[in-house]
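# A closer look at the structure
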Amino acid sequence: MKKVRITKEFTFETGHALYGYDGKCRNVHGHSYKLAVTVIGAPINDANNVKHGMVIDFTDLKKIVKEEIVDPFDHATVFNKNTPHVELAQELRERGHEVILADYQPTSEMMILDFADKIRNRLPENIELFSLRLRETETSYAEWHASDQL
């Protein structure tokens, strides 16, 4: 059966700090992230199905990505849970701020690996995650491709 790739794009604002880093990004700062999610599958070939001709309804893909990535990360601050910033994270939480303590250094590279796992776990059985692109700035992004994960 012929397969088609479809892509949905998302934007969210997230702050972070890179613990132990030797540059400016060791300081708390934020980015306007742009995430492109590409899935691949065969279009539904059942004229009686309301989603006939679709690989996945864009609305269904949007729901998955919003619940797993956009809603938790948008306007949150992400810290490595092993950082001395944990005290700052606690104070921010106590003041009503959204804070994520991740099991990883919150670089674009590590965030995209986390995002790939979260999205893949929610996709329908016949749909595969093909690729992700996480743009941190206008000139910098990380990419994840299923073909690289073998």
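Shown above is the structure to which this text applies.
The sections below set out a description of the structure shown in this document. (Residues numbered from 1 in each chain as written. Predicted model: local features only at pLDDT ≥ 70, side-chain atom pairs only at ≥ 80, totals over all residues. Heavy atoms only, no water.)

### Focus: the environment of phenylalanine 115
- Mapping phenylalanine 115 onto the fold places it in helix H3 (residues 108-120).
- Residues phenylalanine 115 and arginine 135, spaced 20 residues apart in sequence, show a C-alpha to C-alpha distance of 13 Å.
- Phenylalanine 115 has contacts with Phe12, Leu35, Ile69, Phe73, Leu132 and Leu134, leaving out every residue within four places of it along the chain. (Helix = DSSP H or I, 4+ residues; strand = E, 2+ residues; numbered from the N terminus. Contact = heavy atoms within 4.5 Å.)

### Here we look at the packing of helix H1 (residues 58-73) against H3
- Following both chains from N to C, one finds H1 and H3 inclined at 145°, their axes separated by 9 Å at the closest point. Between H1 and H3 lies a crossing whose hand is right-handed. Contacts between H1 and H3 involve Ile64, Val65, Glu68, Ile69 and Phe73 on the former and, on the latter, Met111, Asp114, Phe115, Lys118 and Ile119.
- The residue makeup of the contact of H1 with H3, split by class, is seven nonpolar, no polar and three charged. (Axes fitted to C-alpha atoms, helices over the stretch in contact; angles between N-to-C directions. Left-handed = near helix turned anticlockwise from the far one by under 90°. Nonpolar A, V, L, I, M, F, W, Y, C, P; charged D, E, K, R; others polar.)

### Describing the nonpolar core
- Judged by nonpolar contacts, the single largest core of 32 residues is most densely connected at Leu35, Val37 and Leu132.
- When contributions to this core are tallied by element, the ones reaching two or more residues are strand E1 (4-16), strand E2 (29-41), H1, strand E3 (76-80), strand E4 (99-102), H3, strand E5 (128-137) and strand E6 (140-145).
- Ranked by the residues each element gives to this core, the list is headed by H1, at six residues.
- Each residue touching leucine 35, except ones within four places of it in the same chain, is listed here: Lys8, Glu9, Phe10, Phe12, Val65, Ile69, Phe115, Leu132, Arg133 and Leu134.
- Formed by five residues, the second largest nonpolar core is a distinct cluster that contains Ala17, Phe79, Ala89 and Leu92. (Core = buried A, V, L, I, M, F, W, Y, C linked by side-chain atoms within 4.5 Å. Buried < 20%, exposed > 50% of the residue type's maximum accessible area, 1.4 Å probe, protein only.)

### Re the packing of aromatic side chains
- Overall, the coordinates contain three aromatic pairs when judged by the stated rule.
- An angle of 20° between the planes, with centres 5.4 Å apart, marks the rings of phenylalanine 12 and tyrosine 33 as stacked. Residue phenylalanine 12 is found in strand E1, and its partner tyrosine 33 is found in strand E2; the two are separated by 21 residues along the sequence. Neither phenylalanine 12 nor tyrosine 33 differs from the other in exposure class; each is buried.
- Look at phenylalanine 12 and phenylalanine 115: their rings are 6.2 Å apart centre to centre, the planes differ by 65°, and that puts the pair in the edge-to-face class. Pair noted here: phenylalanine 12 is in strand E1 and phenylalanine 115 is in helix H3, with a separation of 103 residues, a long-range link.
- Taken together, Phe12, Tyr33, Phe73 and Phe115 form an aromatic cluster joined through their ring pairs.
- The ring centre of tyrosine 141 lies 4.1 Å from the NZ or CZ of arginine 133, which sits over that ring. (Phe/Tyr/Trp six-rings, centres within 6.5 Å; stacked < 30°, edge-to-face > 60°. Lys NZ or Arg CZ within 6 Å of the ring centre and 35° of its normal.)

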